Amino acid sequence: MGRHVVILGVQWGDEGKGKIVDLLTDRADGVVRFQGGHNAGHTLVIEGQKTVLHLVPSGILRPNIHCYIGNGVVVAPDALLAEINQLEAAGIDVTSRLHLSAGCPVVLPFHSALDQAREVKRGGQAIGTTGRGIGPAYEDKVARRGLRLGDLLRANLCAERLDVLGEYHNFMLTSYYDAAPVDVGALKENVIEWAEALGPMIGDVAGALGAKVTEGQSFLFEGAQGALLDIDHGTYPFVTSSNTGAGNASVGSGVGPAIFDTVLGIVKAYTTRVGNGPFPTELFDDVGARLADKGQEFGATTGRPRRCGWFDAVSVRRACRLNGINSLCVTKLDVLDGLDEIKICHAYRIDGEEIENSLMDAAALEAVEPVYESVPGWHESTVGHREVAALPGAARSYLERLSELVGVPIDIVSTGPGRDETIVRRHPLKG
Ligand code: GDP
Ligand code: IMO
Ligand code: MG
């Protein structure tokens with residue numbers, strides 16, 4: 001029987017999911033994306049060479065691994081084609097190993113134009129989206145007017161649908177947002193090119209996965225964004241427009257929820273956030289600046305600086321429970337090297353009272369103040385360590401305390417961006 005693992009970010013994204021998915025793919029047959037779109041930026045560093053993936057699953061750099069984009073992912077064909085071309089130019093065979101669900105909603109130029117126009121209109125209340133059109137594309141899906149990848153293969157239906165979408169969205173863009181309209185004629189031509197280039201990869205991903213699971217193959221389900229950006233359970237309205245949680249691994253790819261053996265949560269040893277919204281443990285001092293600098297905290301998609309702060313055990317504990325996370329990976333431990341003191345937020349204070357569980361929406365978080373405990377730091381380097389025993393005692397104690405506060409065992413620790421700079425105590429695909 002195969003084994004199946006869901007891999008999720010447990011903070012506000014950029015926890016190092018791409019690195020860990022690539023690493024664990026050594027024992028998998030395939031990798032499946034199930035939500036989000038090219039708002040994601042997943043970084044892989046192999047033998048010093050860096051690759052940033054946005055839509056292509058993080059198994060593509062291992063030959064023989066098949067990569068699936070499930071129906072829950074919103075796909076921008078131009079962005080996907082650019083990514084495929086870049087990978088193929090680097091000598092990686094993508095087209096024969098990438099499978100796209102016919103049910104994926106297509107991200108069209110209307111969507112990015114609307115996303116950007118809305119952010120401008122929101123002014124000081126802007127969400128800080130990636131501007132990629134992710135929210136408007138999911139809106140069209142739920143409104144039942146969107147275009148899906150499978151529709152690209154039906155030229156007439158596609159052209160009719162684009163006329164309807166053009167009329168509706170261009171009205172909004174020009175009359176409400178005072179923005180430029182999208183040229184529907186040019187878009188129809190693009191769509192013909194997209195259909196030709198992507199056509200051979202579009203098919204029944206749910207059906208293929210079902211058959212391969214039955215055959216006994218093993219899959220990794222790669223989350224994008226993070227638990228606190230979840231549309232339902234995150235810091236609403238400062239969230240992304242999909243369910244980032246474990247449940248969506250099933251819905252967003254078309255496999256039954258009983259197949260999963262492990263839900264592996266990825267957390268940074270501290271916290272970062274890119275975009276706006278509440279962040280109780282954010283640091284505005286030298287320590288925050290040091291984390292940003294040492295951790296090279298710039299968005300992999302937009303290049304924006306990431307906000308940095310201490311580890312927030314309250315939000316991570318809640319996210320672990322919401323998603324049934326039963327195994328944890330802590331990344332970027334090395335970034336904490338050299339600090340005298342490290343703080344962990346173990347509770348929130350509201351109206352003078354300490355609480356250990358809170359709703360995560362923006363209105364609830366506005367009222368909280370973090371309650372910290374302080375633990376000793378370490379001065380030795382942990383960079384590239386591959387054994388727990390080699391870590392400084394204070395680093396081991398820090399990890400133990402995180403695990404205790406969150407209530408989940410730490411099975412993997414990352415000590416550098418490279419594939420090999422990792423401590424694997426328990427591999428989730430190893431029997
Ligand atoms: P993802 O979106 O969750 O895949 O994460 P990103 O790729 O956006 O951001 C993680 C960043 O941290 C990337 O630049 C990685 O190369 C880097 N990284 C991952 N793990 C480690 C680690 O353990 N130590 C250090 N120093 N960098 C890491
Ligand atoms: P990965 O997969 C970090 C954030 C944006 C913004 C909010 C909404 O690399 O971890 P959107 O464009 O999705 O409508 O923006 O979500 N965001 C991410 N932050 N990592 C990501 O992906 C993100 N994808 C979206 O910054 O705050
Ligand atoms: Mg990222």
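**Remarks on the overall build of the chain**
The number of helices and strands found in the chain is twelve helices and 18 strands. Against the 2.2 N^0.38 benchmark of 22 Å for 431 residues, the chain shows a C-alpha radius of gyration of 22 Å, consistent with a compact globule. Taken over the C-alpha atoms alone, the chain extends approximately 65 × 50 × 35 Å along its principal axes. A separation threshold of at least 6 residues defines the contact pool for the chain, and within that pool the share at least 24 residues apart is 76%. For the chain, the exposed area adds up to about 17500 Å²; of that, 50% sits on carbon and sulfur atoms.

**Comments concerning a negative patch on the surface**
A cluster of acidic residues, D183, E189, E193 and E196, forms a negative patch on the protein surface. In this fold, D183 is placed in the loop between α5 (155-176) and α6 (184-198). The exposed category is assigned to D183, whose relative accessible area is 52%.

**Some words on the coordination of the magnesium ion (ligand 3)**
Listed as protein donors to the magnesium ion (ligand 3) are D14 (OD) and G41 (O); their distances from the metal cover 2.0 to 2.2 Å. In this pair, D14 sits in the loop between β1 (4-9) and α1 (17-24) while G41 sits in the loop between β2 (30-33) and β3 (42-46), placing the two residues 27 residues apart along the sequence.

**Quick word on the packing of aromatic side chains**
As enumerated under the stated definition, the model contains five aromatic pairs in all. Seen from their ring centres, Y176 and Y177 are 4.8 Å apart, and the 80° between their planes marks the pair as edge-to-face. For Y176, a relative accessible area of 47% puts it in the partly exposed group. Centre to centre, the rings of W378 and Y398 are 6.2 Å apart; their planes meet at 50°, and the pair counts as tilted. Of the two residues, W378 sits in the loop between β16 (369-376) and α12 (393-406) while Y398 sits in helix α12, which places them 20 residues apart along the sequence. You'll find W378 and Y398 in the same group, each marked buried. The residue whose ring lies beneath K121 is Y176, and the NZ or CZ to ring-centre distance is 4.5 Å.

**A word on the site of ligand 1**
Around ligand 1, the structure places 18 residues, and the nearest of them are G16, K17, T43, D334 and S414. Within the backbone of E15, a nitrogen or oxygen atom sits 3.1 Å from an oxygen atom of ligand 1. The separation between an oxygen atom of ligand 1 and a polar main-chain atom of G16 is 2.8 Å. Relative to its unbound accessible surface of 580 Å², ligand 1 loses 92% to contact with the protein. Here ligand 1 occupies the second largest pocket. Of all the secondary-structure elements, those providing two or more residues to the shell around ligand 1 are α1 and β3. The dominant element in the shell around ligand 1, judged by the number of residues it contributes, is α1, at three residues. Its residues assigned to classes, the shell around ligand 1 shows three nonpolar, eight polar and seven charged.

**Focus on the side chain of D151**
In this fold, D151 is placed in the loop between α4 (134-142) and α5. Discounting residues that sit within four places of it in the chain, D151 has contacts with G146, L157, C158 and R161.

**A short note on unusual backbone geometry**
The general pattern is negative phi for most residues beyond glycine and trans for most peptide bonds. Omega for the bond connecting Y236 with P237 falls within 30 degrees of zero, at 5°, which places this linkage in the cis form. Even without a glycine there, the phi angle at D14 is positive, about 60°. A relative accessible area of 22% places D14 in the partly exposed class. Positive phi outside glycine occurs at R144, with the angle close to 65°. Relative to the helices and strands, R144 is located in the loop between α4 and α5. Under the relative-accessibility criterion, R144 is labelled exposed at 78%.

**Points about the nonpolar core**
If you look at the biggest cluster of nonpolar residues, it comprises 56 residues, and the most contacted ones within it are I69, L80, L98, L100, L108, L220 and L264. Here this core takes six residues from α6, the largest share from any one element. Beyond its immediate chain neighbours, meaning those up to four positions away, L264 contacts V5, V6, I7, L8, I20, L24, S327, L328, C329 and I412. Core analysis: the next-biggest nonpolar cluster, separate from the first, contains 52 residues, L8, V32, A249 and F260 among them.

**With respect to the layout of surface pockets**
Rolled over the atoms, a probe with the dimensions of a water molecule shows which regions are left empty. Counted as a void, the second largest pocket has a volume near 620 Å³. Together, 27 residues line the second largest pocket, and T43, G295, R306, K332 and P417 are the ones closest to its centre. Taken together, the elements giving at least two residues each to the lining of the second largest pocket come down to α1, β3 and β4 (49-53).

**Examining the site of ligand 2**
Around ligand 2, the surrounding shell holds 20 residues, and the nearest of these are D14, K17, H42, T130 and T240. In this structure, Q225 approaches ligand 2 through a main-chain N or O atom, which is 2.8 Å from an oxygen atom. A total of 550 Å² of accessible area belongs to ligand 2 in isolation, and the protein chains cover 98% of it. A breakdown of the residues in the shell around ligand 2 according to their chemical character gives seven nonpolar, ten polar and three charged.

**A look at the packing of helix α3 (residues 109-122) against α5**
Viewed as axis vectors pointing N to C, α3 and α5 meet at an angle of 25°, and their least axial separation amounts to 11 Å. Of the possible angle classes, the one that applies to α3 and α5 is roughly parallel. The handedness of the crossing between α3 and α5 is left-handed. In contact with F110, H111, A113, L114 and K121 of α3, α5 contributes L165, G166, H169, N170, M172, L173 and Y176. Residue classes in the contact of α3 with α5 are distributed as seven nonpolar, four polar and one charged.

Conventions we followed
- All residue numbers refer to position in the chain's written sequence, counted from 1.
- Just so you know, chain letters begin at A and ligand numbers begin at 1, following the order they were written in.
- Confidence filtering applies because this is a predicted model: local features only for residues at pLDDT of at least 70, side-chain atom pairs given and counted only at 80 or more, and all residues used for totals across whole chains, interfaces and linings.
- Only hydrogens and water are removed before side-chain values are computed, so all heavy atoms of the structure are retained for them.
- Helix and strand labels come from DSSP, where a helix needs a run of H or I of at least four residues and a strand needs a run of E of at least two; each type is numbered from the N terminus.
- Each radius of gyration is computed over the set of C-alpha atoms, and the globule rule expresses the reference value as 2.2 Å times the number of residues to the power 0.38.
- It only takes one pair of heavy atoms within 4.5 Å for two residues to be counted as in contact.
- Every accessible area reported is derived by Shrake-Rupley at a probe size of 1.4 Å, with residue values counting cover from the shown protein chains alone.
- Patch definition: residues with relative accessible area over 30% and no salt bridge; like charges joined within 9 Å; nonpolar side chains (Val, Leu, Ile, Met, Phe, Trp, Tyr) joined within 5 Å.
- Every case where a carboxyl oxygen of Asp or Glu lies within 4 Å of a side-chain nitrogen of Lys or Arg is listed as a salt bridge.
- His residues and chain termini do not enter the charge count, which takes Lys and Arg as positive and Asp and Glu as negative.
- Lys charges are placed at NZ, Arg charges at CZ, Asp charges at CG and Glu charges at CD.
- Buried means the residue's accessible area, taken with a 1.4 Å probe over protein chains only, is under 20% of the maximum for its type, while exposed means over 50%, and partly exposed covers the values in between.
- The rule for donors is simple: an N, O or S atom within 2.8 Å of the metal counts, and for Na, K and Ca the reach is 3.2 Å. Water is not among the atoms, so a site may look short of donors.
- Geometry of aromatic contacts follows a simple scheme: Phe, Tyr and Trp rings, the Trp one being its six-membered ring, pair when their centres are within 6.5 Å, and the pair is stacked under 30 degrees between planes, edge-to-face over 60, tilted otherwise.
- Only lysine NZ and arginine CZ atoms are considered, and such an atom sits over a ring when it is within 6 Å of the ring centre and within 35 degrees of the ring normal.
- Throughout this document, a residue counts as near a molecule or strand when at least one of its heavy atoms sits within 4 Å of that molecule or strand.
- Pairs of N or O atoms within 3.5 Å make up the polar contacts considered here, provided that, within protein, one atom can donate a hydrogen while the other can accept it, and that residues adjacent in sequence are counted only when both atoms are side-chain atoms.
- A cavity here means a set of points on a 1 Å grid, drawn over the protein atoms and nothing else, where a 1.4 Å probe fits but cannot get out; a pocket is an open set with protein on both sides within 12 Å along at least five of seven lines, and a residue lines either one if it has an atom within 4 Å of a point.
- To decide whether a molecule occupies a pocket or cavity, check its atoms: if more than half lie within 2 Å of the grid points, it is inside.
- Note on residue categories: nonpolar means Ala, Val, Leu, Ile, Met, Phe, Trp, Tyr, Cys or Pro, charged means Asp, Glu, Lys or Arg, and polar means any other residue, Gly included.
- The set of buried Ala, Val, Leu, Ile, Met, Phe, Trp, Tyr and Cys residues whose side-chain atoms join them within 4.5 Å is what this entry labels a nonpolar core.
- Grid points are joined across faces, edges and corners, and a volume is the space filled by probe spheres set on the points.
- Every axis corresponds to a line fitted to the C-alpha atoms, with the helix fit spanning only the stretch in contact, and the corresponding angles, defined between N-to-C directions, vary from 0 to 180 degrees.
- Angles below 35 degrees are treated as roughly parallel, those above 145 as roughly antiparallel, those between 65 and 115 as roughly perpendicular, and all remaining angles as oblique.
- Each crossing gets its hand from how the near helix is turned against the far one by less than a right angle, where anticlockwise is left-handed and clockwise is right-handed.

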